[in-house]
Amino acid sequence: MPSDQRGPSATRTSETAKFEARGLSRTYGHGKKLKVAVDDVSFKIHDKEIVSIVGESGCGKTVLAKMLLRLEQPTSGTLLYDGKLIDSAPDPRQHWRQVQAVFQDPFSAFNQFFTIRAQLKSSFNLFETKPSDKEMEERVDQALLNVNIKPREVDGKYPFELSGGQMQRMLLARIFILEPRVLVADEPTSMVDACSRASILDYLMKLKQQLDMTIVFITHDIGLAYYVSDSIFIMHEGKIVEQGPPDDVTQRPQSAATRQLLDDIPDVHKNWIDRHPAA
Ligand SMILES: Nc1ncnc2c1ncn2[C@@H]1O[C@H](COP(=O)(O)OP(=O)(O)OP(=O)(O)O)[C@@H](O)[C@H]1O
Ligand SMILES: [Mg+2]
């Protein structure tokens, strides 16, 4: 039973949600080749909330994220941002100033032919008015320091000269420059080892505290989602089969898909959840 009555949304009905989806779907192809990637989902994501979208590979998480980012158009249904249809403004850059992403593959987000620094500076192209060159340089330096990279370490370097983990931190540096209202983080820990994994999560929390953002965090790992979220959405075959606060979803799972995800989590997380049962 989907339980969208639970959690913070139950007490926030009068507030305009950051995102609201009603019967949102995205399909690809036709006839025998029809693929329903996102299938009639409805939800609200409130301002300053951290929502995790959890589900197995291919269940539609990235396609849903791309619709939130206005990179994919819904085939049917409604998607509102701050109460307005997401594609109501003709220029998508207005949306991209406010909603930014950290994607699975950080290399695809950067052009291999330009230096890292030039590309971080080009983030300012999304602004209506660009700051002075000096201010842009200073803000790039500050953003690099925020992700523990000494600006001199990357000067003159191209994306292929950095490791996957460093590139992922570059994506986070972009977020510190752009200061969006919403961050969509799609498997941001996938490229990095377990050690830097913790620190990437720390950066997300730092971003959340420093910029007071809404975060949509996408992962296979319900244990990780449990640590960071105010609310968890479980996706299965394009549908949101369950949503609610982490304690409810992990302690009293309502769907078989949730139980499967709980079975799959590493023991270290399981132990932690068992030691901290819901009140
Ligand atoms: N452009 C596309 N054309 C056709 N099918 C697509 C396209 N993009 C996604 N799909 C299909 O939609 C489904 C959902 O894909 P999606 O990338 O959202 O999965 P996911 O949950 O992000 O998986 P993963 O955890 O592996 O990243 C998949 O079956 C995928 O093959
Ligand atoms: Mg994906």
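Above: the structure in question.
Residues numbered from 1 in each chain as written. Chains lettered and ligands numbered in written order. Predicted model: local features only at pLDDT ≥ 70, side-chain atom pairs only at ≥ 80, totals over all residues.

(A) Helix α6 (residues 164-178), seen in detail. Over its 15 residues, α6 runs 21 Å from end to end, which matches the ideal 21 Å to within 8%, given 1.5 Å per residue. Across the 15 residues that make up α6, a large majority, 11, are buried. (Helix = DSSP H or I, 4+ residues; strand = E, 2+ residues; numbered from the N terminus. Expected span 1.5 Å × (residues − 1). Buried ≥ 20, exposed ≤ 12 C-beta atoms within 10 Å, placed from the backbone.)

(B) Broad picture of the pairing of strand β6 (residues 99-102). The side-chain alternation of β6 yields two buried faces, one formed by Val99 and Ala101 and the other by Gln100 and Val102. Examined bridge by bridge, β6 and strand β7 (residues 182-186) share 4 bridges and lie parallel to one another. By the bridge assignment, Val99 is partnered in β7 with Val182. (Pairing = 2+ DSSP bridges.)

(C) Here's a closer look at the packing of helix α4 (residues 133-146) against α6. Where α4 contacts α6, the axes come no closer than 8 Å and their chain directions differ by 130 degrees. Judged on the interaxial angle alone, α6 and α4 are oblique. α6 is crossed by α4, and the crossing has right-handed handedness. Contacts between α4 and α6 involve Arg139, Val140, Ala143, Leu144 and Asn146 on the former and, on the latter, Ala173, Phe176 and Ile177. When grouped by side-chain class, the residues that make up the contact of α4 with α6 number 6 nonpolar, 1 polar and 1 charged. (Axes fitted to C-alpha atoms, helices over the stretch in contact; angles between N-to-C directions. Parallel < 35°, antiparallel > 145°, perpendicular 65-115°, else oblique. Left-handed = near helix turned anticlockwise from the far one by under 90°. Contact = placed C-beta atoms within 7 Å. Nonpolar A, V, L, I, M, F, W, Y, C, P; charged D, E, K, R; others polar.)

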